[in-house]
Amino acid sequence: MQTIINLNYDAQVPSPAELVDLPFMRTAVAELALLAVAGGLLGAWVVLRRLAFFAHAVGSSTFPGLVVADAAGFRPLYAALAVALTYAAVVWQAGSRAAGRFADAVTGVVLAAALAIGVVLASDVFHSGARVDTLLFGSLLAIGPGDLWAAGVGAGVALIATLTVGPAWLASGFDRDGTRALGAPVAAADGLLLAIIAAVVVTSLPAVGALLTAALFIVPAATARLIATSVPALLIGSVAFALAEGIVGAYIALWLDAPPGPSVAVLGGLVFTAVALATAPAKRVTA
Amino acid sequence: MLEPLQSGIGRHALADVILLGAIAGAVGFWVVSYGLSYGAESLSHGLLPGLVGAALIGAPLVSGALAGAVATALLIAIAARDERIGFEVATAVAVTAMLGLGALLALAPSTPQRLAELLFGDPLSVTNGDIALAAGLALVGGAILVVLQRPFAALVFDPVGTPALGVAPGAVRTALALLLAAVVCVAVQSLGSLLALAAIVAPPLAVRRHVHSTAQAVGAGAAVGALAGIVGIYASFKLDMAAGAAVALALCAAAAVGSASPARRREPRRARAG
Amino acid sequence: MTPLVECRDLAAGYGGAPVLRDVTFAAEAGEAVVVLGPNGGGKTTLFRALLGEIETSGLARLGDRVAYVPQTDRTELDFPVSAHDVALMGALAHGRWWLPAGRSERRAAHDALERVGLAAQAHTAFGRLSGGQRQRVLLARALVQEARILLLDEPLAGVDPASADALVGLFHELAAGGRTLLVSSHDIVGARRYHRVLCLNGTQVAYGPPEDVLVRDVLERTYAGEIVMLESGDEAVATQHHHHH
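Residues numbered from 1 in each chain as written. Chains lettered and ligands numbered in written order. Predicted model: local features only at pLDDT ≥ 70, side-chain atom pairs only at ≥ 80, totals over all residues. Heavy atoms only, no water.

Engineer: Looking at this model, I keep getting lost on the overall build of chain C. Mind explaining?
Structural biologist: For chain C, the count of helices and strands is 7 helices and 11 strands. Expressed as a percentage of its 245 residues, the buried residues of chain C come to 53%. Taking the contacts inside chain C whose residues are at least 6 apart along the sequence as the reference set, 68% of them involve residues at least 24 apart. (Helix = DSSP H or I, 4+ residues; strand = E, 2+ residues; numbered from the N terminus. Buried < 20%, exposed > 50% of the residue type's maximum accessible area, 1.4 Å probe, protein only. Contact = heavy atoms within 4.5 Å.)

Have a look at this one:
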């Protein structure tokens, strides 16, 4: 057959000091730390409000926007932001019309269409095929100072929103009808949550790519959910997991000469599995 | 106009997408009705490391797809056991980890550059073996759909009262899950890990407002799937675009048109007379 | 004559402590029994126990095939099936589910729809029928199933008063045909129209004919203060704070 396994990922383990010595690694670590704050906080809401399919799909839906921006040479952030917010608006509308189980199918079709449009643009229109991997899975080298600013703003928005609108999100997730009866603008609060998730997910695209935003926006929060017994504990634990997985993931990416998205994702999956297995017996006793 | 038919590659691609589109569109109606759209997405995305692994060792892609799908399903099942996590988040965690693993394997410096093909598929590269596989799946899957038609419909219509009719819910759901897994594993060969989903969820969306019985929905879904496959291959020849993406776009366009066009209302037959 | 439904010292639950205890009653063929009780009082648990879906202790004996008629909003309304298709689903109980429905099965579905007064709507989409009509279609499914024991989960919830009266009339006709109906309900006033009343509140509070059971003492113990009682002559008329959802 045409290939032989050669997974001899260059075994030379880099010194952890390179995380701060190499300028591009300094940028990457700072970026992932900021994203960990944003992803950890918003991830907690994603997990509590069961918005996982949305959070996962909104990142992937930005792919065609990224391809166009990449080829046309303007900042991918703006194109991706436009696509993601449009997507959030569509989901918000569809959700309020209660499309039932066909809503998931719509999400799936939109997702597949976005990916198909993106690949057609990349391979047949702009012939930028070689960059597709970077757009889908992120890159340590693609992170610029502008991205750091965007991630910082994202982290700030996530923090402020959690402190101010958080109680409304919690109440509406616990009892939607009751909260509406209290006079709270449930639909507006939920729409704001979708919009903020969509906007902040976009800031993570340079680092983890369109396909793997869930590595920062779902997996750490899901892991924290296994052990946290209160909402503040969930929020803090989620940020802590995201921070640790983001930075160690960047280190592994440097070691393997791979994009950071996949290494953060695999690391997150392993940590989740370990925590799930470690906490499973304790759960059975209390049940 | 007959361009695709004149080349062996085109004929192969057409045969493959017609067979695959038909069975995926037919099974898709039940997949969507049972609320398994997200499950279909996660299986097809999560099996990526299996595909990459098979490509690395030169094994048939379908075997890698199968291994990847089984691993994904197991991961989801383990994660979803914890009630606080729930099925949706568990699925997101499992899919993210598996996609990451696939990318890590595929993007290793020593791996051949086949990732794009595994992600987005290429119907133009199918072999006789692939077509035989698709034909086998269409035949066996179609037979299973005919045999299970009534239990499938009864259980999704009324999950609470149907067990009292002697229909075992677990057995019916397991049969559907296996059917879905088989379709996904075969579909990823020509449509890729990221686009196979379209073949399953787009046809039911296209037909759902225009059918009056479950048998019609399954049949119309199969027809839409096969037709979209043909349109996609012709478009890819005419417009010189990636064939897998062209088929996926044709499927999504069918879903959009089918959802937007007004439903055909059928009045009760005797109401007008009386 | 052996009763169609018989429970003795029945307890049922979901793995932990039983949520329903000390249920002892017998219902004959021809009887329509209304099951009253607060939410969480054990109405659904009793049905699930009779269907054999949950753990039980004690005796629960069913003398014939049992059909379950769910609340219609629990069924899939956005699903391409006609009233005839739904009635035909009852034929699955007779085996041969792998074959397309045969002529005799179609005949049975048609007859059942006629029996519940919906022959004219046979080809109307289920989701486009009114609440009362949907309930009739589900009854037709039970008739096709040829079950003599029918468990109905709040069939009158959300049905307008005229349709509800007609449905209760249909319940009596079906019972008179040699069946036993257990009908869960929140309607204490309407309960007097059934042959027997079963009151549940975690345990069996009372069972018997309406005139014996529908009295202040029993209803207070059943609903434990959740109820407003109005006296009119000898009769206790009760209204309940509704907790519909």
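Next comes the rest of the write-up.
Engineer: Help me understand the overall build of chain B in this model?
Structural biologist: The helix and strand inventory of chain B stands at 12 helices and 0 strands. Beginning at the N terminus, the succession of helices and strands in chain B can be written as α-α-α-α-α-α-α-α-α-α-α-α. In terms of overall size, chain B behaves like a compact globule, its C-alpha atoms giving a radius of gyration of 19 Å where 274 residues would be expected to give roughly 19 Å. Along the longest, intermediate and shortest principal axes, the C-alpha atoms of chain B span 75 × 55 × 30 Å. Within chain B, counting contacts between residues at least 6 apart in sequence, those at least 24 apart form 76% of the total. (Rg over C-alpha atoms; globule rule 2.2 N^0.38 Å.)

Engineer: For this particular structure, what's the right way to read the interface of chain B and chain A?
Structural biologist: Reports of interface size often rely on the accessible area that becomes lost once the parts have come together. Listed per partner, the contact involves 60 residues of chain B and 57 residues of chain A. Here chain B packs against chain A, burying approximately 5100 Å² in sum over the two surfaces, 74% of which is carbon and sulfur. Together, B:Arg84, B:Thr96 and B:Leu104 form the three largest contributors to the area buried by chain B at its contact with chain A, with a combined 13%. The interface formed by chain B and chain A includes 0 salt bridges. (Buried area = accessible area lost by both parts, 1.4 Å probe. Salt bridge = Lys/Arg side-chain N within 4 Å of Asp/Glu carboxyl O.)

Engineer: Would you take a moment to explain the pattern of salt bridges for this structure?
Structural biologist: Should their charged atoms come close, side chains of opposite charge can pair. Residue and element names in this part refer to chain C. Inspection of every chain in the model, using the stated rule, returns 14 salt bridges over all chains. Its salt-bridge partner being Glu 53, residue Arg 48 comes within 3.2 Å of it at the nearest N-O pair. Glu 53 gets classed as partly exposed once you look at its relative accessible area, which sits at 35%. Linking Arg 193 and Asp 165 is a salt bridge whose minimum nitrogen-to-oxygen distance equals 2.5 Å. Of this pair, Arg 193 sits in the loop between β7 (180–184) and β8 (196–200) while Asp 165 sits in helix α5 (residues 161–176), placing them 28 residues apart in sequence. Overlapping salt bridges bring together Glu 6, Arg 8 and Arg 61 as one network.

Engineer: Explain the packing of aromatic side chains here, please?
Structural biologist: Think of a pair of aromatic rings as described by two things: how far the centres are apart, and how the planes are tilted against each other in angle. Across all of its chains, the model carries 14 aromatic pairs over all chains by this definition. Ring plane angle 25 degrees and centroid distance 6.1 Å describe the contact between B:Phe29 and C:Phe79, whose orientation is recorded as stacked. Here C:Phe79 lies in the loop between β5 (66–69) and α2 (83–89) and B:Phe29 lies in helix α2 (residues 8–33), a pairing that spans two chains. The same class applies to B:Phe29 and to C:Phe79, which are both buried. Residues C:Trp97 and C:Trp98 carry aromatic rings whose centres are separated by 5.3 Å and whose planes lie at 90 degrees to one another, so their mutual orientation is edge-to-face. Classification of C:Trp97 as partly exposed rests on a relative accessible area of 33%. An aromatic cluster of at least three residues, connected via ring pairs, comprises B:Phe29, B:Trp30, B:Tyr34, B:Phe152 and C:Phe79. (Phe/Tyr/Trp six-rings, centres within 6.5 Å; stacked < 30°, edge-to-face > 60°.)

Engineer: Would you mind showing me how to read helix α2 (residues 23–48) of chain A here?
Structural biologist: Taking 1.5 Å as the rise per residue, α2(A) with 26 residues should run 38 Å; its terminal C-alpha atoms sit 37 Å apart, in good agreement. After α2(A) finishes, the residue A:Arg50 shows a positive phi value of roughly 55 degrees. (Expected span 1.5 Å × (residues − 1).)

Engineer: Got a minute to help me understand the interface of chain C and chain B in this structure?
Structural biologist: Chain C puts 37 residues into the contact, and the matching count from chain B is 31 residues. Both sides together, the interface formed by chain C and chain B hides about 2600 Å², and carbon and sulfur atoms give 61% of it. Connecting chain C to chain B are 2 salt bridges. In this assembly, chain C and chain B are joined by 4 residue pairs in polar contact (both at pLDDT 80 or more). Elements with a minimum of two residues in the side of chain C that touches chain B: β5, α2, α3 (103–115) and α4 (131–144) of chain C. (Polar contact = N/O pair within 3.5 Å; in protein donor to acceptor, adjacent residues only side chain to side chain.)

Engineer: What am I meant to see in the packing of helix α6 (residues 102–125) of chain A against helix α9 (residues 169–207) of chain B here?
Structural biologist: Here α6(A) crosses α9(B) at 135 degrees, and the two axes come no closer than 8 Å. Considering the angle they form, α6(A) stands oblique to α9(B). In this structure, α6(A) meets α9(B) at a crossing whose hand is left-handed. Listed contacts from α9(B) to A:Phe102, A:Ala105, A:Val106, A:Gly108, A:Val109, A:Ala112, A:Leu115 and A:Ala116 of α6(A) are B:Leu194, B:Leu195, B:Leu197, B:Ala198, B:Val201, B:Ala202, B:Pro204 and B:Leu205. Tallied by class, the residues present in the contact of α6(A) with α9(B) amount to 15 nonpolar, 1 polar and no charged. (Axes fitted to C-alpha atoms, helices over the stretch in contact; angles between N-to-C directions. Parallel < 35°, antiparallel > 145°, perpendicular 65-115°, else oblique. Left-handed = near helix turned anticlockwise from the far one by under 90°. Nonpolar A, V, L, I, M, F, W, Y, C, P; charged D, E, K, R; others polar.)

Engineer: Would you mind showing me how to read the confidence of the model for chain B here?
Structural biologist: If pLDDT is low for a region, its predicted coordinates should not be looked at in detail. With 93% of its residues at a pLDDT of 70 or more, chain B shows a mean pLDDT of 88. Confidence drops under pLDDT 50 across residues 267–274 of chain B; counting only partners more than four residues distant or on other chains, this segment forms 7 contacts. (pLDDT = per-residue confidence, 0-100.)

Engineer: Could you clarify how one ought to interpret the sheet that holds strand β1 (residues 5–13) of chain C in this entry?
Structural biologist: In any sheet, the strands associate via hydrogen bonds between backbone groups, in a parallel or an antiparallel arrangement. Residues and elements named next belong to chain C. With antiparallel pairing, 3 strands are arranged side by side in an open sheet as β2-β1-β4. Each edge of the sheet is formed by a strand with only one pairing partner; in this case those strands are β2 (20–27) and β4 (55–62). For this sheet, the mean angle separating the axes of adjacent strands, direction not counted, is 15 degrees. One ladder, built from 7 bridges, connects β1 with β4; its direction is antiparallel. Residue pairing in the sheet places Gly 13 in a bridge with Glu 55 of β4. Packing of helix α1 (residues 43–50) onto the sheet brings it into contact with β1, β2 and β4, and relative to β1 it is tilted by some 110 degrees. (Pairing = 2+ DSSP bridges.)

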